[in-house]
Amino acid sequence: MAAMTSTTVDRDAERSEVLNKARAAKRVAPRIGALTSGEKNDILAAAADALVAATDEVLEANRRDLEAGREAGLSDSLLDRLSLDAERVEGIAGGLRKVAGLADPVGEVVRGSVMPNGIHMKQVRVPLGVMGMVYEARPNVTVDAFGLAIKSGNVPLLRGSKSARHSNEKLVEILQGVLEKSGLPREGVQLLPCDTHDSVQDLVTARGLVDVVIPRGSARLIDAVVTGATVPAIETGTGNNHVFIDRDADLDEAIEILLNGKTRRTSVCNATEGALLDAALPDEAKRRVVEALQQAGVTVHGDPEELGAFGASDVVEAGESDWRDEYLSMDIAVAVVDGLDGALEHLSKWSTGHTEAIATRNYATAQAFADRVDAAAVMINASTAFTDGEVYGMGAEIGISTQKLHARGPMALPELTTTKWVLEGTGQVRP
């Protein structure tokens with residue numbers, strides 16, 4: 001028999017590590033699921049304190065990741081997602097404290113009734129179980145996933161990216177220490193290997209060990225997880241978000257909304273990536289929109305002839321990817337559309353169903369847009385940046401779901417539970 005290559009041995013070891021950690025998570029899931037609300041809150045508070053106390057260690061680990069990322073030529077947007085500082089660490093810890101202050105969804109009675117035969121019937125929220133997370137860069141997701149998983153009674157299996165290896169290892173080490181000090185198994189949170197993409201496939205096909213997997217990252221990552229998973233997957237989609245400026249918009253307000261969505265923070269999924277200008281707007285108004293973007297440092301992509309017709313200049317010719325993909329940078333695609341119907345036609349072709357916004361003072365147009373656009377969130381005279389679980393009052397979120405089953409929009413505590421039916425009788429039998 002031919003000897004196995006070192007690559008094969010390494011691959012076998014990687015797969016074994018993923019499956020062994022998944023088995024360990026499955027073993028401890030009942031223990032985590034049985035924690036009381038008070039116990040969960042104490043763990044989250046202790047984790048927040050431990051993170052802040054270890055800020056210097058976390059930042060040193062993050063520095064190593066940033067240094068490696070720069071050497072590898074990561075884009076500015078990815079480096080921004082990867083970067084931590086003392087303020088961000090404090091913010092991550094604050095997210096845990098907010099989650100601790102939220103209502104515990106486990107045990108909530110969703111509905112109930114008494115059958116004609118006297119059986120008391122209720123549907124109650126219960127944990128999902130073992131929750132796999134696949135994500136890129138963002139080390140804050142490591143802590144967010146831990147906090148939301150623990151509060152909803154789940155065990156997180158975390159598969160972060162190689163670019164955040166050192167940050168994630170340090171964060172999980174701190175969180176495991178908190179669990180241990182609380183008398184719980186360290187396996188209540190685990191970090192999976194990230195050397196090859198194959199470990200993702202090992203996780204998303206670990207049927208019987210992993211109850212759900214949630215991808216968070218690029219369109220390519222999300223598609224790979226959703227299409228390759230045999231474990232149930234919740235799709236957190238990319239944010240190719242638009243602002244439609246209607247003919248009846250308050251132009252100053254519309255420009256402010258557009259600039260906020262585009263320039264506030266370009267690397268996040270709720271950033272505005274496209275602007276749709278109603279053809280009925282005066283040429284001067286359309287030109288003002290384009291010039292406002294350019295003066296803010298945004299590169300405008302579109303049809304140079306179409307935008308040049310109303311005096312816009314320095315427009316980069318757009319290809320299909322400009323309409324289809326997230327920029328996650330100081331770039332935006334701008335198109336002129338034929339009113340509401342034109343805007344909806346454009347969105348039906350290019351929107352990822354995350355967040356779509358309209359600027360208008362016409363109530364009927366606003367209502368029609370809200371009714372007809374197919375997206376997890378619709379903004380009327382407000383920035384796309386408001387699609388955020390924390391802004392919604394949910395605390396830290398695991399992501400924005402763009403699918404239509406189980407959860408849609410910001411995914412917080414209730415979305416990380418399932419339900420079971422409990423029927424309590426007094427000896428009834430079915431005839």
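Residues numbered from 1 in each chain as written. Predicted model: local features only at pLDDT ≥ 70, side-chain atom pairs only at ≥ 80, totals over all residues. Heavy atoms only, no water.

Under an unreviewed UniProt entry, the protein chain has the name Gamma-glutamyl phosphate reductase and belongs to Corynebacterium otitidis ATCC 51513. As stated in UniProt under Subcellular location (unreviewed entry), the record for the protein chain gives "Cytoplasm". Quoted verbatim from the Sequence similarities (unreviewed entry) heading of the UniProt record, the comment on the protein chain is "Belongs to the gamma-glutamyl phosphate reductase family." (UniProt positions renumbered as here; feature names shortened; annotations may be inferred.)

1. Details of unusual backbone geometry
The phi angle at Asp-314 is positive, at roughly 55°, despite the residue not being glycine. Position of Asp-314 relative to the elements: it lies in the loop between helix 12 (304-308) and strand 10 (316-317). In this structure Asp-314 comes out as exposed when scored by relative accessible area, which is 66%. With a phi close to 70°, His-406 is a non-glycine residue in the positive phi region. In this fold, His-406 is placed in the loop between strand 14 (400-401) and strand 15 (409-410). (Helix = DSSP H or I, 4+ residues; strand = E, 2+ residues; numbered from the N terminus. Buried < 20%, exposed > 50% of the residue type's maximum accessible area, 1.4 Å probe, protein only.)

2. Some words on the sheet that holds strand 2 (residues 120-127)
Spatially, three strands are ordered 1-2-16 in an open sheet, and the strand pairing comes out antiparallel. Lying at the two open borders of the sheet, with one neighbouring strand each, are strand 1 (109-114) and strand 16 (417-424). Sheet twist, expressed as the mean angle between neighbouring strand axes with direction ignored, is 20°. Examined bridge by bridge, strand 2 and strand 16 share eight bridges and lie antiparallel to one another. From the neighbouring strand, Val-126 faces strand 16, where its bridge partner is Thr-418. (Pairing = 2+ DSSP bridges. Axes fitted to C-alpha atoms, helices over the stretch in contact; angles between N-to-C directions.)

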